[in-house]
Amino acid sequence: MELLYKPDWEETKERYRRWWSGDYFGRCGLWVTAPKANHGAEAPPRQPDRIEDRWLDLDYLRAVNEYHLSTAFYGGEAFPIWSPGYSGWNSLGAFLGCSVTLHETTGWIDPLIADGDLTGHDYRRLVINPENPWWQKQLEILCVEAGEARGKSIPSTGAFGGSGDTLAALRTTNKLLYDVLDCPEYVREFDQYLMAQWCGVYDIFHAALRDVANGGSTGWFPLWAPGKFYAAQNDFSYMISPKTFREVFLPSVEMQTRFLDFTVYHVDGVEAFAHVPALCDLPRLQALQILPGAGKPSPLHYLETLKYVQSRSKNLHISIRANEVKDALDLLSARGLFITTSCASEAEAVELLKNCEKWSKDR
């Protein structure tokens, strides 16, 4: 099956299959995008005046996705993704009853269980109400995604939470920091309950989109896999010790990896790098993204961590500038390596792909 905006999609899917399996296919995985050559300079669709409509108006979402997908070049393993955006309203916290305030570039969830001791809140009472307007809107948008993406792009399952972060949204980060000290066993139970809820939501989303996604899936993290795929994360872990992470939150991460067919873990921020050894112990976690975070040096500055991931036979994902790709391939094995970058023009992206084949080495 070809995609309108990715004519070599069949070959791309095969390279993804081999990358997930740890096979070497002649170069590293490379996601490289650029402005499409010979494309007109028409302006993007005009944003609605109301902030809410920028996230929720279906006609606008159709138009803005079509604009972005049709004006981009997708080189290597890059492919077009249809998405309504990730504003927080389409997250597990909102589905469980949190109110949401939308802003221009994001959204904020108001905590639902911030009062009292955590042990005074029975997590079993947190369930999704089918009449929840955010849940109903999500199901509506899934149908729109499936229709709009068919034959053109791959629809995204979204970014709707993960270990620790959903609980932090429900509870507030500050109070959860105290909770992991005061009642770590209950935090672990609570987090695993929320992960079970997450798995149920994922099944619904995946069932709605898998046929259009060629039997596979993608999400907020731009990779494709031939099955149930998601990027696991726990950004809350930036603030806790490796011991606390391993004892309190790692069980739900492992639960997530056992539910999914393919998982990359989004290690976000240098303080979270301390958890990489624990994550590498998870037998069903295939890949780790090492992301230093805003204001930090390139991932190549943290070469010890990158090489450690590869030494543990895990696939490695990094996002770097195009002019760093050669350095990355000089320093790292191309086997299992996935690089995300962008170029100023389609011609530069094509040239980078050619050079990537010359620079890649299976060490």
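Calculation notes
- Residues numbered from 1 in each chain as written.
- Predicted model: local features only at pLDDT ≥ 70, side-chain atom pairs only at ≥ 80, totals over all residues.
- Heavy atoms only, no water.
- Disulfide = S-S within 2.5 Å.
- Buried < 20%, exposed > 50% of the residue type's maximum accessible area, 1.4 Å probe, protein only.
- 1 Å grid on protein atoms, 1.4 Å probe; cavity = no way out; pocket = protein on both sides within 12 Å on 5 of 7 lines; lining within 4 Å.
- Points joined across faces, edges and corners; volume = space filled by probe spheres on them.
- Nonpolar A, V, L, I, M, F, W, Y, C, P; charged D, E, K, R; others polar.
- Helix = DSSP H or I, 4+ residues; strand = E, 2+ residues; numbered from the N terminus.
- Core = buried A, V, L, I, M, F, W, Y, C linked by side-chain atoms within 4.5 Å.
- Contact = heavy atoms within 4.5 Å.
- Phe/Tyr/Trp six-rings, centres within 6.5 Å; stacked < 30°, edge-to-face > 60°.
- Polar contact = N/O pair within 3.5 Å; in protein donor to acceptor, adjacent residues only side chain to side chain.
- Pairing = 2+ DSSP bridges.
- Axes fitted to C-alpha atoms, helices over the stretch in contact; angles between N-to-C directions.
- Right-handed = clockwise from strand over helix to strand, strands pointing away.

Visitor: Got a minute to help me understand the state of the cysteines in this structure?
Guide: As used here, a disulfide is simply a covalent bond connecting the sulfur atoms of two cysteines. Evaluated as defined, the whole model comprises 0 disulfides. Free cysteine: C183, not disulfide-bonded; nearest cysteine sulfur from C98 at 18 Å. For the unlinked cysteine C280, the closest cysteine sulfur is that of C28, found at 19 Å. By relative accessible area, which is 5% here, C280 ends up buried.

Visitor: Can you walk me through empty space enclosed by the protein in this structure?
Guide: Sizing a probe to match a water molecule and rolling it over the atoms shows the empty space that remains. Enumeration over the complete set of coordinates arrives at 2 cavities of 30 Å³ or more. The calculated volume of the largest cavity comes to roughly 50 Å³. P84, G85, Y86, N90, Q138, E145, S156, T157, G158 and A159 are the residues that line the largest cavity. The residue inventory of the lining of the largest cavity, partitioned by class, reads 3 nonpolar, 6 polar and 1 charged. Each pocket or cavity is described by its volume, and for the second largest cavity that value is around 40 Å³. Lining the second largest cavity, in full, are L92, G161, G162, S163, T166, D191, L194, M195 and W198. Looking at side-chain class alone, the lining of the second largest cavity contains 4 nonpolar, 4 polar and 1 charged residues.

Visitor: Can you help me understand unusual backbone geometry in this one?
Guide: The phi angle at T172 is positive, at roughly 90°, despite the residue not being glycine. Topologically, T172 is positioned in the loop between helix 6 (165-171) and helix 7 (173-182).

Visitor: I keep staring at the nonpolar core and nothing clicks. Help me out?
Guide: In this structure, L279 and I318 are the most contacted members of the largest nonpolar core, which totals 119 residues. The element best represented in this core is helix 8 (residues 184-209), accounting for 12 residues. Discounting residues that sit within four places of it in the chain, I318 has contacts with I290, P299, L300, L306, A328, L332, L337, F338, I339 and T340.

Visitor: Help me understand the packing of aromatic side chains in this model?
Guide: Each aromatic ring pair is summarised here by two numbers: the centre-to-centre distance and the angle between the ring planes. Within this structure, the stated rule accounts for 30 aromatic pairs. Ring centres 5.2 Å apart and planes at 50° place the aromatic pair W20 and F262 in the tilted group. Of this pair, W20 sits in helix 1 (residues 9-20) while F262 sits in strand 8 (residues 262-268); the two residues are 242 residues apart in sequence, bridging distant segments of the chain. Put simply, the rings of W9, Y16, W19, W20, W31, F79, W224, F229, F262 and F338 pair up and form one aromatic cluster.

Visitor: Looking at this structure, how should I read the side chain of R171?
Guide: On the secondary structure map, R171 appears in helix 6. A distance of 2.8 Å separates a polar side-chain atom of R171 from the backbone oxygen of I113. Within the structure, the side chain of R171 is placed 3.4 Å from the backbone oxygen of D115, a separation counted as a polar contact. Not counting chain neighbours up to four residues away, the residues in contact with R171 comprise P111, I113, A114, D115, G116, D117, L118, H121, L176 and D179.

Visitor: Quick question: what am I supposed to make of the sheet that holds strand 2 (residues 72-76) here?
Guide: Strand-to-strand pairing in sheets goes through backbone hydrogen bonds, with the strands running parallel or antiparallel. Strand order in the open sheet formed by 7 strands is 2-1-11-10-9-8-7, and the pairing between neighbours is mixed. The sheet terminates laterally at strand 2 and strand 7 (229-233), the two strands that pair on one side only. Averaged over all adjacent pairs, the angle separating strand axes in this sheet is 20°, with direction ignored. Here helix 13 (residues 346-359) sits on the sheet and contacts strand 1 (29-35), strand 2 and strand 11 (337-342); the angle it forms with strand 1, its principal contact strand, is near 165°.

Visitor: Looking at this structure, I do not really get the pairing of strand 8. What am I missing?
Guide: Note on strand geometry: in a regular strand, side chains alternate between the two faces of the sheet. Where burial is concerned, most of strand 8 is hidden: 6 out of the 7 residues are buried. Of the strand pairs in this sheet, strand 7 and strand 8 are connected by 5 bridges, and their pairing is parallel. Its bridge partner being in strand 8, A232 is matched across the sheet by Y265. At this point the chain moves from strand 7, through helix 9 (residues 242-259), to the parallel strand 8, and the crossover so formed is right-handed. Pairing analysis gives 5 bridges linking strand 8 to strand 9 (residues 287-291), with the strands arranged parallel. Its bridge partner being in strand 9, V264 is matched across the sheet by A287.

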